[in-house]
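# Analysis of the macromolecular model
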Amino acid sequence: MPFPGWKAKTSSNREGSQAEKEKEKYVRPYDNAPIPRLTIHSFIMGVFVSMGGFIFGYDTGQISGFLSMVGFQSRFGQKDFDGPGYHFSNVRSGLIVALLSVGTLMGALLGGPVADRIGRKWSISGWCMMLHIGLIVQMTAADRKWYQIVVGRWIAGLGVGALSLLVPMYQSESAPRHIRGALISTYQLFITLGILVANCINFGTEKRTNTGSWRIPMGVSFIWVLILGVGIEQAKRTMIKLYGVSDNHRVVAEELAEIKEKHEEELLHQGEPFWRMFTGPRMLYRIALGVSLQALQQLTGANYFFYYGTVIFKSTGISNSYVTQIILGGVNFGTTFLGLYVVEGCGRRKSLIFGAGWMFVCFMVFASVGHFALDRNVPENTPHAGKAMIVFACLFILGFASTWGPIIWTICAELYPSRYRSNAMALSTASNWGWNFLLAFFTPFIVGDIDFRYGYIFAACLFVSAGVVYFFVIEGQGRTLEEIDTMYILHVSPSESTKWIAPPPEELITTERLVRGEVAGTGPTAAHSEGIFFFPTS
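Residues numbered from 1 in each chain as written. Predicted model: local features only at pLDDT ≥ 70, side-chain atom pairs only at ≥ 80, totals over all residues. Heavy atoms only, no water.

### Focus: the nonpolar core
Judged by nonpolar contacts, the single largest core of 65 residues is most densely connected at Leu293, Tyr304, Phe363, Phe366, Phe396 and Trp404. In terms of residue count, the dominant contributor to this core is helix H16 (residues 383–414) (14 residues). Membership of the second largest hydrophobic core comes to 56 residues, among which are Leu131, Leu135, Trp146 and Ile149. (Core = buried A, V, L, I, M, F, W, Y, C linked by side-chain atoms within 4.5 Å. Buried < 20%, exposed > 50% of the residue type's maximum accessible area, 1.4 Å probe, protein only. Helix = DSSP H or I, 4+ residues; strand = E, 2+ residues; numbered from the N terminus.)

Listed below in structure tokens is the structure:
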């Protein structure tokens, strides 16, 4: 334990913490009735806010289908050398798919500072407008103007990237602690729903010979963006409804007092330099961990199937690869419900380690069958190999959708103290989008050189992922954000974190108390002697 004492400092002129004063506004005794596990209001809040994930998933699913549509190819592709058809070169298809990720990376970095300045709610609405602009640019692209599609996807990416940061952050700050993990995981659930809906709409329009084959699915996106932009709610106005208890309930009093205290803390350090978060108590470690986890989520290889799935399964001899995409999308969506239970029922660490092992096996089989058993020139000659690959693709998606898909967003939303959360989450989310771009752009080139052996690379990354979780990720199941903050500061061993017993709230050693020097035996001097560096604020 890096600090000699647990007790928070007290002084004769201090009449109690701000949180305690806030609680006194409520009539005692408090109502201690049991808290409902789920209320209709928390369900609706999860649905509305998670539309940010739906928008990203919808875009991911639709672009996979566009690349194989005859109408899209003839309008924006390159003419075949030996026939009347059209195709996309690796460079052009990579740019069309990947420029969204460049925009999302930039949007994720910009989203944190903007949200701190104008607030979560209005920030989300503003980025929805940016998404609308990107959609309009794409839909108005003239014949042969493929670069307008690229620019439009970059603009839309700004909105998608910012929302991918703000939605989990908003959910972590407004969700009741007993369902926080599950509620944040609805973001991933809606990503999978968006992919499935896009696959279904693509299937319905892909046989059209005019621009409606791709403009109809793209135009439907306006509906999803509108729902998110209009439906967002503020946490402090919904706390009672989210918990489903009386306004004099003990939990409501504690949570509202905590929100008040956090708000005042945020006002104190508003305008703090971006770089200062790296000097906070054990923040460099946590930032590196968040960046690594988001990178490893991409390196599981899930988007290999979602971005290029239609093309991949054409090469296995499937007559209508859009049907296969619907099947994969359905498996992805259905098994994510399992993830909502797993994140709270089984814990973060066990689920991620098991999921990494499961996906490792699936990719080893998928890559081996694709390279050694499938006739890649005439895949119809090896129908059993093609079917086996689809089965193991589905099994892989089962593992991803129930573990690494939703749980990484939950961990990154819990990882940072409120003082640094928006900027730190911006970096980790930018890591996700950065690797998303690299994989989306370079996948056609890599597959062209090493075919399905690409899966071995993802399998190796999954092996590393399991090790990172085991050695570095602390279990946050059932913990408050302040308890998780304390565990990282106290260097609680990740492998022993489930056994750690939290002290009373007033004795927690949090980042805010350390920075202010409010913990006995700590302060700038003591913290520096323990290898924790930060600049105290006035």
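### Structural notes on empty space enclosed by the protein
Overall, the coordinates contain 4 cavities of 30 Å³ or more when judged by the stated rule. As a volume, the largest cavity reaches approximately 160 Å³. Forming the boundary of the largest cavity are 16 residues, of which Phe56, Gln188, Gln298, Asn303 and Phe400 lie nearest the centre. Elements represented by at least two residues in the lining of the largest cavity include exactly helix H3 (51–66), helix H8 (180–205), helix H12 (283–298), helix H13 (302–314) and H16. Per-element tally for the lining of the largest cavity: the top contributor is H8, with 4 residues. A breakdown of the residues in the lining of the largest cavity according to their chemical character gives 7 nonpolar, 9 polar and no charged. Here the second largest cavity is characterised by a volume of approximately 70 Å³. Where the lining of the second largest cavity is concerned, the elements lending two or more residues are H3, helix H6 (120–139), helix H7 (146–174) and helix H9 (212–231). Counting residues per element, the lining of the second largest cavity draws most heavily on H3, which supplies 4 residues. (1 Å grid on protein atoms, 1.4 Å probe; cavity = no way out; pocket = protein on both sides within 12 Å on 5 of 7 lines; lining within 4 Å. Points joined across faces, edges and corners; volume = space filled by probe spheres on them. Nonpolar A, V, L, I, M, F, W, Y, C, P; charged D, E, K, R; others polar.)

### Examining unusual backbone geometry
The backbone of aspartate 451 shows a phi angle near 45°, a positive value even though the residue is not glycine. Counting through the fold element by element, aspartate 451 comes out in the loop between helix H17 (421–450) and helix H18 (454–472). Positioned with a positive phi, histidine 491 is a non-glycine residue whose angle comes to about 55°. Relative to the assigned elements, histidine 491 resides in the loop between helix H19 (481–489) and helix H20 (511–516).

### Some details on the packing of H12 against H19
Two numbers describe how H12 lies on H19: the axes approach to 10 Å, and their chain directions differ by 110°. On the basis of the axis angle, H12 is roughly perpendicular to H19. Where H12 abuts H19, its residues Tyr285, Arg286 and Leu289 lie against Asp485, Tyr488 and Ile489. For the contact of H12 with H19, the class distribution of residues is 4 nonpolar, no polar and 2 charged. (Axes fitted to C-alpha atoms, helices over the stretch in contact; angles between N-to-C directions. Parallel < 35°, antiparallel > 145°, perpendicular 65-115°, else oblique. Contact = heavy atoms within 4.5 Å.)

### What to know about the pattern of salt bridges
Across all of its chains, the model carries 6 salt bridges by this definition. Its salt-bridge partner being arginine 153, residue aspartate 59 comes within 3.1 Å of it at the nearest N-O pair. Of this pair, aspartate 59 sits in helix H3 while arginine 153 is found in helix H7, placing the two residues 94 residues apart along the sequence. Here the two residues aspartate 59 and arginine 153 agree in accessibility, since each one is buried. Put simply, arginine 144 and aspartate 143 hold a salt bridge, and the shortest N to O gap is 4.0 Å. (Salt bridge = Lys/Arg side-chain N within 4 Å of Asp/Glu carboxyl O.)

### As for the packing of aromatic side chains
Counted under the stated rule, the structure contains 28 aromatic pairs. With a centroid separation of 5.3 Å and 70° between ring planes, the pair formed by phenylalanine 76 and tryptophan 214 is classed as edge-to-face. With phenylalanine 76 in helix H4 (residues 70–76) and tryptophan 214 in helix H9, this pair connects stretches of sequence that are 138 residues apart. For tryptophan 214, a relative accessible area of 0% gives the class buried. For the pair phenylalanine 442 and phenylalanine 445, a centre-to-centre distance of 6.5 Å together with 55° between the ring planes defines the contact as tilted. On the criterion of helical spacing, the pair formed by phenylalanine 442 and phenylalanine 445 is a turn pair, its members being 3 residues apart in helix H17. Among the residues examined, phenylalanine 442 registers a relative accessible area of 37% and is labelled partly exposed. Its relative accessible area of 28% is what places phenylalanine 445 among the partly exposed residues. Taken together, the aromatic side chains of Tyr304, Phe363, Phe366, Phe396, Phe400, Phe452, Tyr454 and Phe458 make up a single cluster linked through ring pairs. The ring centre of tyrosine 86 lies 4.9 Å from the NZ or CZ of lysine 79, which sits over that ring. Lying across the ring of tyrosine 285, arginine 282 places its NZ or CZ 3.9 Å from the centre. (Phe/Tyr/Trp six-rings, centres within 6.5 Å; stacked < 30°, edge-to-face > 60°. Lys NZ or Arg CZ within 6 Å of the ring centre and 35° of its normal.)

### Describing the side chain of glutamine 298
Counting through the fold element by element, glutamine 298 comes out in helix H12. Given a relative accessible area of 6%, glutamine 298 falls into the buried group. A distance of 3.1 Å separates a polar atom in the side chain of glutamine 298 from a polar atom in the side chain of asparagine 303. There is a polar contact of 3.0 Å between the side chain of glutamine 298 and the side chain of asparagine 432. Setting aside chain neighbours within four positions, we find glutamine 298 in contact with Asn303, Asn432, Trp435, Asn436 and Leu439. (Polar contact = N/O pair within 3.5 Å; in protein donor to acceptor, adjacent residues only side chain to side chain.)

No statement about biological role is implied by the geometric values presented.
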